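Examination of the molecular architecture
What follows is each chain in one-letter form.
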Amino acid sequence: MTFTDRLLSSVSSLARGALGVAGGLALFVAIAGVPADALAQTAAPAAPAPIQGEGPALWVVKDADSTLYLFGSVHVLRPATGWSSPRVEAAFDSASDIWFEISNPDDQAAIMPLIQQHGLSPETPLSSRLTPQESAELDAAAQAMGASAAQLQPMKPWLAALSLSVAPLIKAGYDPKSGVELVLKARAEAAGKPIHGFETIDKQIGILAGLPDDVQLVFLRETLKDYENAATKLDEMVEAWARGDVATLDRVTIKEMKEASPALYQAVLVDRNTDWANQIQTLLEGSGTAFIAVGAAHLTGDDSVQAILQKRGMTVEAAQ
């Protein structure tokens with residue numbers, strides 16, 4: 001098992017503040033690997049579940065000749081989680097173009113050299129950055145995922161945090177292949193709809209790799225603290241998202257992320273939301289219908305994409 005394989009959906013599992021990354025970064029979809037499949041086989045198969053209520057929230061922003069749908073996704077889900085509703089299907093079918101955070105969330109080949117470049121620091125092993133107690137916690141968490149602390153030593157803190165979060169999610173039945181992006185991407189390709197991305201995989205990796213060292217260490221320490229509760233925390237987030245409960249989603253993702261690490265919140269959400277709002281404004285200057293699916297955390301809270309657009313004088317409404 002390589003360190004890249006162990007990255008699978010790791011951001012999603014971070015409890016407390018970093019939990020918001022589950023709806024904030026799509027890059028881990030590109031690193032699903034064989035070990036994840038093997039772990040997933042230990043989970044009992046389940047039939048698809050019906051959506052809860054009206055399903056996840058959907059918004060729309062329009063002008064005279066443009067209609068843009070905004071759909072918040074979760075990048076890794078259990079196969080049985082129901083989320084597609086008639087209004088989502090209708091919005092998707094009406095769109096001529098589909099937008100994601102990144103256009104190639106399933107590109108495993110693209111991520112490996114980036115991980116090697118930005119995720120390793122063998123000259124500064126993790127043990128030199130942690131207390132003896134934290135090193136012991138690191139070893140225990142690594143063993144629980146079938147690895148050892150020695151295998152994690154060359155990783156930078158952000159990469160170690162992601163890697164340590166994989167096993168509990170996969171064992172709980174979560175799978176990036178059931179995430180919103182890959183499902184919609186397949187549908188778009190089958191329908192011949194052009195697929196676009198607001199960002200690239202290397203930019204998303206750069207967001208975490210570019211965090212100051214002390215912020216990366218907070219990221220890792222929070223993961224070690226709540227490693228065993230990862231699936232439970234993600235369950236709460238997914239359940240709120242699936243029933244369209246934006247208020248609960250805000251509480252368990254945005255507010256906790258702000259409290260745990262304001263720097264991570266700014267880098268993962270606020271800065272990128274602002275950039276995407278700029279791109280959406282440019283799309284509105286054209287014409288046609290587009291369906292935009294990005295992490296649900298980007299469409300939640302006071303700094304959401306919708307909030308930024310509304311502050312700029314645009315009307316963003318719940319789609320019916």
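Residues numbered from 1 in each chain as written. Predicted model: local features only at pLDDT ≥ 70, side-chain atom pairs only at ≥ 80, totals over all residues. Heavy atoms only, no water.

**Some remarks on the overall build of the protein**
A count of helices and strands for the protein gives 14 helices and six strands. By the burial criterion, 56% of the 320 residues in the protein qualify as buried. Carbon and sulfur atoms make up 52% of the accessible area of the protein, which totals about 12300 Å². (Helix = DSSP H or I, 4+ residues; strand = E, 2+ residues; numbered from the N terminus. Buried < 20%, exposed > 50% of the residue type's maximum accessible area, 1.4 Å probe, protein only. Areas by Shrake-Rupley, 256 points an atom, 1.4 Å probe, with all protein chains shown as cover.)

**Section: the environment of Leu211**
Positionally, Leu211 belongs in the loop between helix H9 (201-209) and helix H10 (213-225). The spacing of Leu211 and Leu264 is 53 residues in sequence and 7.6 Å in space, taken between C-alpha atoms.

**Topic: helix H12 (residues 246-260)**
Since the α-helix turns once every 3.6 residues, residues separated by three or four places project in the same direction. Given a rise of 1.5 Å per residue, 15 residues ought to cover 21 Å, and the 20 Å separating the end C-alpha atoms of H12 matches this to within 8%. The complete set of buried residues in H12 reads Thr248, Leu249, Asp250, Val252, Thr253, Ile254, Met257 and Ala260. Summarising the contacts, the buried residues of H12 are in contact with H10, helix H11 (230-242) and helix H13 (262-284). (Expected span 1.5 Å × (residues − 1). Contact = heavy atoms within 4.5 Å.)

**Focus: the pairing of strand S1 (residues 58-62)**
Along any regular strand the residues' side chains alternate between the sheet's two faces. Across the five residues that make up S1, a large majority, four, are buried. Where S1 lies against strand S2 (residues 66-73), five bridges are found, and the strand directions are antiparallel. From the neighbouring strand, Leu58 faces S2, where its bridge partner is Phe71. (Pairing = 2+ DSSP bridges.)

**Details of the pattern of salt bridges**
In total, this model carries 10 salt bridges according to the counting rule given. A salt bridge links Asp235 to Arg78; its shortest N-O distance comes to 2.7 Å. Of this pair, Asp235 sits in helix H11 while Arg78 sits in the loop between S2 and helix H2 (86-94), and the two are 157 residues apart along the sequence. In the salt-bridge network here, residues are joined through shared partners; they are Glu101, Glu199 and Arg272. (Salt bridge = Lys/Arg side-chain N within 4 Å of Asp/Glu carboxyl O.)

**So, the confidence of the model for the protein**
Overall, the prediction assigns the protein a mean pLDDT of 80, with 83% of residues at 70 or greater. With pLDDT under 50 throughout, residues 1-22 is counted as low confidence; its partners more than four residues away or in other chains account for 97 contacts. Note on residues 30-48: pLDDT under 50 across the span, and 32 contacts to partners over four residues away in sequence or across chains. (pLDDT = per-residue confidence, 0-100.)

**Observations regarding the side chain of Gln216**
The topology assignment puts Gln216 in helix H10. Those residues within four positions of Gln216 in sequence are excluded, and the remaining contacts are Lys156, Pro157, Trp158, Leu208, Ala209 and Leu211.

**A short note on the side chain of Gln306**
Residue placement: Gln306 occurs in helix H14 (residues 305-311). Classification of Gln306 as buried rests on a relative accessible area of 5%. A polar side-chain atom of Gln306 sits 3.2 Å from a polar atom in the side chain of Ser304. Excluding residues within four positions of it along the chain, Gln306 makes contact with Trp59, Leu70, His298, Leu299, Thr300 and Val316. (Polar contact = N/O pair within 3.5 Å; in protein donor to acceptor, adjacent residues only side chain to side chain.)

**Some remarks on H2**
Taken as a whole, H2 has its buried residues at Arg87, Val88, Ala91 and Phe92. In a view along the axis of H2, the buried residues occupy a sector of 130 degrees, so they form one face of it. Pointing more than 90 degrees away from the buried face of H2 are the exposed residues Pro86 and Asp93. (Arc of directions from axis to C-beta.)

**Details of the sheet that holds strand S3 (residues 97-102)**
The strand order across the open sheet formed by six strands is S4-S3-S5-S2-S1-S6, and the pairing between neighbours is mixed. Of all strands in the sheet, those with a lone pairing partner are strand S4 (195-199) and strand S6 (316-318), marking the two edges. Taken over all neighbouring pairs, the strand axes of this sheet differ in orientation by 25 degrees on average, direction set aside. With four bridges connecting them, S3 and S4 associate as parallel partners. (Axes fitted to C-alpha atoms, helices over the stretch in contact; angles between N-to-C directions.)

**Quick word on the packing of aromatic side chains**
Here the structure, examined in full by the defined rule, presents five aromatic pairs. On the numbers, 5.9 Å between centres and 40 degrees between planes, the contact of Phe71 with Phe291 is tilted. Of the two residues, Phe71 is situated in strand S2 and Phe291 in strand S5 (residues 288-295); the sequence distance between them amounts to 220 residues. Each member of the pair, Phe71 as well as Phe291, carries the same accessibility label: buried. Ring geometry for Phe198 against Trp276: centres 5.4 Å apart, planes inclined by 20 degrees, an arrangement best described as stacked. Linking Phe198 in strand S4 with Trp276 in helix H13, this pair joins segments that are 78 residues apart in sequence. Just as Phe198 is buried, Trp276 falls in that class too. Site record: aromatic cluster; members linked through ring pairs are Phe71, Trp83, Phe92 and Phe291. (Phe/Tyr/Trp six-rings, centres within 6.5 Å; stacked < 30°, edge-to-face > 60°.)

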